[in-house]
Structures are given as C-alpha cells and as structure tokens.
Amino acid sequence: MNPWAVFLLAAGYLGLLFAIARFGDRRADQGRSIISANVYGLSLAVYCTSWTFFGSVGRAASGGMGFLTIYLGPTLMLMLAPVLLKMIRISKRERLTSIADFIAARYGKRQALAGLVTVIAVIGIVPYIALQLKAIAASLQALFPEQGGLLLLGLDATAVIALALAAFTILFGTRHLDATERHEGMVAAIAFESIVKLVAFLAVGLFVTYGMYGGFADLFRQAAALPRTAALLDLEQGLGNWAPLVLLSALAIVLLPRQFQILVVENVDESHLRRAVWLFPLYLLLINIFVLPIAIAGLLQDLPGNGDIFVLGLPLSQGQEGLALLAFIGGLSAATGMVIVETIALSTMVCNDLVMPALLRVRALGLAQRPDLSRLLLNIRRGAIVAILLLGYAYFRAAGEAYALVGIGLISFSAVAQFAPALFGGMYWRQGNRAGALAGLAAGFLVWAYTLLLPSFAKSGWIPGDFVEQGLFGLSWLRAHALFGLTGLDEISHCLFWSLFLNTACYLLFSLSLGPDAVEARQANAFVDVFQRRGGDTSALLWRGKASYQALAGLLERFLGAERARLQLQSYARKRGIADLAAREVNAELVRFAEIQLAGALGSASARVVLASVVEEEELGLEEVLHILDEASQVRAYSRELERKSRELEAATGELRAANARLRELDRLKDDFVSTVTHELRTPLTSIRAFSELLAEDPDMAVPERQRFLGIIVTETERLTRLINQILDLAKLEAGRADWTSSEVDLAGLVREAAASLEQLFRDKGVALALECPGEPVPVLADRDRLTQVMINLLSNAVKFVPAREGRVSVQLLSSLDRVQVRVTDNGPGIGPEEKEFIFERFRQGGNTLTDKPKGTGLGLPISLQIVEYFGGRLWVESEPGQGASFIFELPLQARN
Amino acid sequence: MQAFNRGRQRLVALALLGLVLLTPPMLNTQAGASGLDAFLYLFGVWAGLILAAAWVAERRD
C-alpha cells in the first residue's frame, strides 16, 4: 500500500466533510436549514468515536459482552425524553452555549463556577482526545507495520493529522460568532461521518462473520470450543461492573461537552427529539452487532495485539486491502468527528469561561474600550482549539502504550459524570445553590483525580505509585483503589461510587445550609419552571435600572460585530412593532434581550459582567426577588384559578340554557294541553247545549224524541264527568300528588276480576275474550285499584277497536323468574309505526279521529303508563297495521317468601 | 404537544422497563447461559425497546 495514496484518501475524505459543512452553513445562512430530524438523530452518533470503532472490539476481546454497557446506558437515557426536552427548552430560552454555561447560568451566572466546570471538562477530556490520536496512529501502524509509524515529509503522521484537524476545526467551527452558537454545517458533516463509520464497521463485520465464518452460530460454536474465547461468551464475567457502567454511559451521553453541544446546543427544533429517541439507539445497536464476532474471530485467528486493531487486522490478514482501507476511513471518520465537536465545545468553554473573564478583569488591556471585540473572541477560540489539540497530542506522546483505549475513555466519562448532581439538581430542585454546586463539583473532581486520573499517571510511570498500593502517607484507608477501605470493586465503579457520593452529599449539604443570592433565586425559578409558559419568564420583572440605548447598542457592536448587532436590534424592533428603538427609553426587556445576545457570544457569566459595565442596575435584594417571584407565581395561580372559574361559568351557562329550553318546551306543552282540554270539553258541552236548547224551544216535542235527546244529554254529561275526573287524575299523577297504597296484589286474580267486570261490554259487542292465567297467585307489589284501572283501560280499549261479532281479545299472563308480563292482544285494525310514537301521549287516540267519532277521552293510556311506571314496570305496544295490536305491561315480581 | 406529553411519559416507562431487563439482577438469569442465548437476549430486548420507543415517539394521536 502506498502511504501517499492513503494520505490523499484521508485528505480527500476530510475535504468532502468540509464541503458538506460549507453547504450546510450556506443553507443555514439562507434560512433553509438542512438539519432534519434524521440529521439530528445521526449527528448524536458522534458519541461513537474511535473508542467505539476500534476500542469496543478490544474491550470485547478481553471482557466479553461487558462492552455493551457503554451503549445500553445512552439507549435508556434517550428514552428519558422529558429530561432532555427540559434541558433543550432551558438552553433555548437562556441562549446557553455549553455545559459550563448551563451550570453557571443556573447558579447565578458566576464565572467561578463556569471556570471550574471548564477546568474539569478540559482535564477530563484531553486524554479522550489523545485517545483519538492514538487510534489514528495505531491504525496507521497496522496499515504500514514495516515503517514503524508513518512519517510524512519527515514529520510524525499523527502530529500532521492533529494539525490538520485543528485547521479543519478552526475553518468550520469559528467562522462567525453566533448568538446561538450553532454550527449547522458541522452537524451535517457529523451526520455524514456517522453514516460512513457505520457502513465501514458493518462491512467489516459482515465480511468477518459471513465471509470468513459461517455466521453467528458458527463463530459462537468455534469460540465455545477454545478456553480463551469461551470465557468471552459467559455473560457472568461482565456483570460485576455492569450497572455502574450503564449509569456512567447514561450520564456521559448528556454530560460530555460534545454530546451536550450536539444534543442541546445544536438542536434546531424540539420535535427532532422524537426521532432521536429511537434512531440513535438503533444506530448504537447496529454498530455493536458485529463487535463480539469480530473480537472472537480475531482471537481465533490469533492476531497480535490487544484486540484494539482487529477491525483493520482481520481484513488485512485475509488480503482484503480495499476493506481495510474502508475500515481505516471509518476509524478516521469516528476520530475526526469526535475531535472536531469536542474541541469546538471545549474551545467555546475555554474562551467564554476562562480566558475572556480573565481578560475582562485586567483593566490594563482596556478591553472595555476596544471598538470591536468579535475578532478577538474568534481568535481566542482558534487559539483554544490549537492548544487543546496540542495538549491531546502531548498526552498521546507521553502516555504511549500505557493504557488500552477503553481505559482512557472511561476515565473521561467519570470526569464529566461529576456534572450530574449540579446539572440535574439545578433543573428540578429550587433550593440547590451555587455553594452546593461548587462544593459538590470540587469534591467529586478531587476524588476522581485521586482515584482514577493520578493512578493512571502512576501506571504510566510519571509519578510514584505508592499512594495506589499503600495509600497516601502510608495511610491504608487512603489507598487510591480502596478509599476508606472500600474493596471488591473495579477501579471505575470504585471511583464512581466515591466521587458521586461525596459530590452529591456536598451539593445537598451546602445547598441546604446556605441560602441563595438574588440572581440565583431568579435563575432557579427560570430553570425549574421553564415549562410554565405564561409568566414563566420572570427575568424582565426582576430587573430595575438605567441604561442608555447608545451604550447598549455599542456593547453589542463591540462583541458581535457592527453588522450582526445592527441586524439583531432591527429584528428586535420589528418583532415588537417599534419604529425607532433609539428614541425610546431602555426597558427591562431590551436589557434582557441584549444580555441574551451577549450570552450567545460570551457565555452567560461573562455577558452579565460586561453588561454591568454599561447598565446601572439597581441591585435587588434576595427578599425583593423572592417577593417578586412569589407574586409572579401567585399571578400564575390566580390566572389558573380564573381560568377554572371561567370554565365553570361556561358550564353553568350551558346548563341554564338547556333548562331554559326545557322550560319553554314545557310552557308550550302546557298551552297545547290547555287548548286540547278546552277543545275536548267543548265537544260534549256543545252537544249538551244544542240538545237542551232544542228541548227548551219545543215544549211540545214528542216523548220518544224527547227521551232520545235526554239520553244523549245524559251520555254526554257522563263523558264530560269522566273526562274531568281523568284530567284531574292525570294531573295528580304527574304532579306526584296521587294517593298510592302499595300492597301485595295477586295479579292473576286481578286480571280475572277485571275481565269479569267487563263481561257485559264484551257480550254486547259480540267479542270473544280468552284468558290465559295460571291457577296459582302471581304476587306483585302495587296499588290494587290503580292496577285494576290499567287492566280495565287496556281491555276497554281493545273492545272499542275490534270489529263487532268477529272481534277476539286475549289476555295472557306470563311470569318469569323476577318479572310478570300481561299481554292484551286484539284482532283490531292495528297501529301504524307513526301512531305508535304518540299513542301514549295525552288526548291522542287510535283510529282516524277526523272521520271516526272519538271513542274515549284519550287519557286512558297516559294514565296507565304513569301507573305502571310508578310501580317500576313498563308499558308498550307491539303492532303491525291490519294485524291487531298487543298492549303489554310488565311488573317486577314480588319475591315469594 | 399534548400528545407528545403523554408519549413522553410512556417513554420514561419504557426506560424503566429497559433498566430492569438490561441490568442485574434480571440479567443474572442470562449468566451461565450459552453465549449465543445471552447475546440474543441482550440484542432482542434492546431491539424491542427501540421498536417500542419508535412506536411511542412517532405516533401522533
């Protein structure tokens, strides 16, 4: 293989990444972002560095399936979407640009805290960057073993690559200062490199598993046959530190500066999280499927080395140079992606939270008077990028072969895990304060350094290792890997336990014993209550002071550059419909806006300091801040209460409206009723009056004639009386004022009696009546007279409607377990479906009321219905026109006891 | 957002389920099992979680 060809290939690949980044940036400048949910999800795979690409196989080759913990943790963490969403929402609202900024902003925007977080991150991450360089060097070594490490133009190839990466990172990481510190081009390039490394790894995996061996089952079977590889297959050997590593990696996916950058800072749309929740875990699953097979294959083939380089070594051992080159590009891709994002994230932190605060403090430099500081800011970041990469390179050269890849990665993970109590506590616990955060972080960091970092230095031979074996000053309870006598844990679990325990304990203890200051109380509120949309942003309420527009605008110009500052202020004025911003008095909202813009460029802690130089802020006391926050939360509570009341009022109005409609309906029914009753009363009255007049006018009327007329008058009077009685009866029933006497009644006997009382009526019309009643008593609980009234109503209705002489009426009494049914069936004309609907309404009568003489009062059925329903039964009709009709009522049976 | 809110709670429930299935003591059931069985268990549960998360997160009801 020609070294220059490999070099050109690598350079070409980096060039392609750069082209993608430029394209992404250009599209972002045009307002047409190429960051989709898929791009966001894939860019998270910057988590998979060369430590994954090469190191996982190495870890699997020595520890079996334990390597999976590093990927299971992030899978679970991503599913804690509410936590991630809250982080993203807070960062967007406060324009936070890094994890140091996030923690510092929560605890009162103080530079000391931001600085401490930055220092921990840099010390923790530099070895991790060194690890990437080491991986690149090792892969070059594998490709060109005879050269013993490649030299390019007389220089160490790894140094050349480190410098190229620095240049590359500077080119698309620090093009301009953005208020949001987003790099869309970089994110797109990272998403692309994620695909490249996945494809490369899968290609090697498929080749090894299915090209060299007969698939998973074959590999596992061969592995089981050899003692060295059989041990890898037993899950048991990885279980010792399984849970701590899952926890560690779950924290790392959020707390590593590059992960925070991609997951939180670079998020353009909260809804992209929906995709990332499963796409990123899927990526992790795919890139890990072939890790164990490759490790087993490497061991079966007896390849040299510790497994870190099997991904390259296996294709090379089979003479597959093309595949080896693809694997090299995959590894390079994984390393460059990590280095670029990590150095951008770290350089932002170093610039905003270490260098700028220091420079601003040195009055001799006169920074506050310089007209344009945006260049200076960019140059500081560029310097930081080079410095971080050189530190990484120096560490790589010094550490040499001391550690396998996986060891270094876990040291870095443990360092950033120290951010967890302050960060998560700050998001959910209002009482958490700066003293607690500082104490916790310092304690965690010291324990981490003592139990993990310094022992690793000792292993490299840089410092004496006595404190690891015998304990500091010979005190055995200070042994670095058995602190306070805690043994039986591996070094990572041991460090994680003590560092997180002491970190959390200090955070809680100091937070509970010391109070917050005013700014902290305000920020605690803004972080914890970020989801309370209305009134959640109380920061504008909490500012009182004086500032001039010119001074504010001047400040923005100095730090953002004149053009950017002008655009931002114009957009601010346009959104609020303000014609001339300069003419207006500066209010809290504008100061807050300026602070956020500055925070985007400088970090929130520095932004607060520079803003203080032009704004005369009236210092609010803690009491006052708490009072305002309390008021704001009361206002929120009131407005919620008001909303609730208004909803209740709406419901009550609806009910009233319905009641009103019902009343109108009842009123109409009453009018109908009165007019019907009047009409019904008038018919017999008219007849009575007409015949009485005839009798009065003609005293000489013949006796038979007179008898007939008198007969009619008597009948009509009877009808009138019956009508009035029934109306009164119905009115009483409906008003619930009827007198009821409930007692046990034998329904069978009652039916027989009712039939007997109407026998004459049936006989007169020549209608046959058939009774089907059981001999034994059928007890129901009812009013005997009322029930007789129902029976007589139904029977007399039936006889009214059947034809004379051919009419047949039958009564059936059927009792089931708990109910009894009485069915009165006739062979009359039947009832049509439309008639059925109103047959039980008052004054509605069956038959054609226009042509036929009314045969009753039209109140019998409504009264019967009321009676039956009163006793818990029901009454209905079954009929087809021309087929007769059955009136049926059903009553609950009185239990026989 | 309301639907995503319910979805978010389901995702947290999935994370807890995953934690139980993918860490000891539940994982101890796989210790001593044949290598392929343990491998299939881990990747099977993992894939199942991803499928469920995709279904919950992408549903817009």
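In the block above lies the structure referred to throughout.
To start, this report covers the structure provided alongside it. Once a new chain begins, its residue numbering starts again from 1 and follows that chain's sequence as written. By the order in which they are written, chains take letters starting at A while ligands take numbers starting at 1. Only residues with pLDDT of at least 70 get local features here, since the model is predicted, and only at 80 or more are side-chain atom pairs given and counted; chain-wide, interface and lining totals rely on the full set of residues. Side-chain descriptors were evaluated using all non-hydrogen atoms of the structure, hydrogens and water having been removed beforehand.

Segments assigned H or I by DSSP are reported as helices when at least four residues long, segments assigned E as strands when at least two residues long, and all are numbered from the N terminus. Check the secondary structure of chain B and you find two helices and zero strands. With residues, only the protein chains shown are counted as cover, and all accessible areas are computed by Shrake-Rupley using a 1.4 Å probe. Surface accessibility of chain B: about 3100 Å² in total, with carbon and sulfur atoms responsible for 66%.

Taken together, the 33 residues of chain B in the interface contact 35 residues of chain A. Between chain B and chain A lies a buried interface of about 3100 Å² when both sides are counted; carbon and sulfur atoms form 81% of it. It is F39, W46 and I50 of chain B in chain B that bury the most area against chain A; as a group they hold 21% of the surface buried on that side. Definition used for salt bridges: Asp or Glu carboxyl oxygen within 4 Å of a side-chain nitrogen of Lys or Arg. A salt bridge links E58 of chain B to R275 of chain A; the nearest nitrogen and oxygen atoms lie 2.6 Å apart. Any N or O atom pair separated by 3.5 Å or less is treated as a polar contact, with the protein-specific requirement of one donor-capable and one acceptor-capable atom, and with residues adjacent in sequence counted only for side-chain atom pairs. For the interface between chain B and chain A, the tally reads five residue pairs in polar contact (both at pLDDT 80 or more). Note on definitions: a residue-residue contact is assigned when non-hydrogen atoms from the two residues lie within 4.5 Å. Two parts placed together each lose some accessible area; with a 1.4 Å probe, that loss summed over both constitutes the buried area.

Our focus in this paragraph is the pairing of strand β11 (residues 885-892) of chain A. Side chains on a regular strand alternate between the two faces of the sheet. Residue and element names in this part refer to chain A. Think of it in three bands: residues with accessible area under 20% of the maximum for their type are buried, residues over 50% are exposed, and the middle band is partly exposed, with areas taken using a 1.4 Å probe on protein chains only. Of all eight residues in β11, seven are buried, a share of seventy percent or more. Across eight bridges, strand β9 (residues 819-826) lies against β11 in antiparallel orientation. Paired with V822 across the two strands is F889, which belongs to β11. Strand pairing is assigned whenever DSSP identifies at least 2 bridges connecting the two strands. Across six bridges, the pairing between strand β10 (residues 874-879) and β11 is antiparallel. Directly across from L875, in β11, lies its bridge partner F889. What sits between β10 and β11 in their antiparallel hairpin is a turn of five residues, with G882 showing a positive phi close to 80°.

Looking now at the nonpolar core. Membership of the largest hydrophobic core comes to 205 residues, with the highest contact counts inside it found for F413, F419, L423 and F424 of chain A together with L42 of chain B. Looking at this core, the element that brings in the most residues is helix α7 (residues 111-143) of chain A, giving 18 residues. Either an automatic procedure or a domain database provided the assignment from which the domain bounds are taken. Shared between two domains, this core takes at least three residues from each, and those domains are domain 1 (16-396) and domain 2 (419-527) of chain A. Excluding residues that lie within four positions of it along the chain, F424 of chain A makes contacts with M77, V83, M87, L251 and V254 of chain A. Only buried residues count toward a nonpolar core. Its members are Ala, Val, Leu, Ile, Met, Phe, Trp, Tyr and Cys residues joined through side-chain atoms within 4.5 Å. In this structure, V824, I839, F840 and L875 of chain A belong to the second largest nonpolar core, which totals 52 residues.

With that settled, the discussion passes to the packing of aromatic side chains. Stacked, edge-to-face and tilted are the three classes for Phe, Tyr and Trp ring pairs, Trp counted by its six-membered ring, which pair at centre distances within 6.5 Å; planes under 30 degrees apart are stacked, over 60 edge-to-face, the rest tilted. By the definition in use, this model includes 32 aromatic pairs over all chains. Ring geometry for Y393 of chain A versus F396 of chain A: centroids 5.9 Å apart, planes at 50°, classification tilted. Of this pair, Y393 of chain A and F396 of chain A both sit in helix α18 (residues 374-399), three residues apart, which is roughly one turn of that helix. There is no split in this pair, since Y393 of chain A and F396 of chain A are both buried. Linked through ring pairs, Y210, F216, F220 and F290 of chain A together with F39, F43 and W46 of chain B together constitute an aromatic cluster. Consider the ring centre and the ring normal. A charge sits over the ring if Lys NZ or Arg CZ is within 6 Å of that centre and within 35 degrees of that normal. Seen from the ring of F531 of chain A, R8 of chain B lies directly overhead, with NZ or CZ sitting 5.9 Å from the centre. Of note, R59 of chain B hangs over the ring of W55 of chain B, and the distance from its end group to the ring centre comes to 4.3 Å.

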